[in-house]
Amino acid sequence: MDKEKMVKDAISLAKKHGVIFSDTTPSFRPKKDNRKEIVYIQINFSGGQISKDFRFSELDQFDEIKLANFFIELVNEKDNQKLKKIE
């Protein structure tokens, strides 16, 4: 699967479950040879912000639902929320 599309789809799913992302998320940055290799995610919550960089190789362990649930878990952990995970 195209990792850029997977990230965008996961963000869309997570938004539907209550996760609030910054307006600049996702941000894809080239690392070598102008290939997109790093994605920057910023999540807003009542206590501040969570920033996370992923190398595209780290995304191999995710599909869009697992990645969306990862974002939900981050918010639940950092902000003591009880957002429902996607099943």
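The shown structure was predicted, so the numbers you read here are calculated from the model rather than taken from an experiment.

Participant: Please clarify how the environment of Asn 80 should be interpreted in this entry.
Facilitator: Within the fold, Asn 80 resides in the segment after helix H2 (64-79). Placed 34 residues apart in sequence, Asn 80 and Ser 46 show a C-alpha to C-alpha distance of 9.9 Å.

Participant: Even after reading the chapter, I still don't get the side chain of Asn 76, so can you show me in this structure?
Facilitator: Examined against the element boundaries, Asn 76 turns out to sit in helix H2. Here Asn 76 falls in the buried class, since its relative accessible area comes to 18%. Polar side-chain contacts of Asn 76 include one of 2.8 Å to the backbone nitrogen of Leu 83. Once residues lying within four places of it in the same chain are set aside, the contact partners of Asn 76 are Gln 81, Lys 82 and Leu 83.

Participant: Just to check I follow, could you spell out the nonpolar core for this structure?
Facilitator: Nonpolar side chains in soluble globular proteins generally cluster together in the buried interior. Within the largest apolar cluster, 26 residues are counted, with the highest numbers of intra-cluster contacts made by Ile 41, Ile 43, Leu 59, Leu 67 and Phe 71. Every element with two or more residues in this core is listed here: helix H1 (3-16), strand S3 (36-45), strand S4 (48-55) and H2. Non-local contacts of Leu 67, meaning those with residues more than four positions away in its chain, are made with Met 6, Val 7, Ala 10, Phe 54, Leu 59 and Phe 62.

Participant: I tried to follow the packing of aromatic side chains on my own but got confused; where do I start?
Facilitator: The geometry of an aromatic ring pair is captured by the separation of the ring centres together with the interplanar angle, meaning the angle of the planes. Considering all chains together, one arrives at seven aromatic pairs under this definition. Measuring from ring centre to ring centre gives 5.8 Å for Phe 54 and Phe 70, while their planes differ by 70°; the resulting arrangement is edge-to-face. Residue Phe 54 is found in strand S4, and its partner Phe 70 is found in helix H2; the two are separated by 16 residues along the sequence. Look at Phe 54 and you get buried, because its relative accessible area is 4%. Judged by its relative accessible area of 22%, Phe 70 is partly exposed.

Rules of the game
Residues numbered from 1 in each chain as written. Predicted model: local features only at pLDDT ≥ 70, side-chain atom pairs only at ≥ 80, totals over all residues. Heavy atoms only, no water. Helix = DSSP H or I, 4+ residues; strand = E, 2+ residues; numbered from the N terminus. Buried < 20%, exposed > 50% of the residue type's maximum accessible area, 1.4 Å probe, protein only. Polar contact = N/O pair within 3.5 Å; in protein donor to acceptor, adjacent residues only side chain to side chain. Contact = heavy atoms within 4.5 Å. Core = buried A, V, L, I, M, F, W, Y, C linked by side-chain atoms within 4.5 Å. Phe/Tyr/Trp six-rings, centres within 6.5 Å; stacked < 30°, edge-to-face > 60°.

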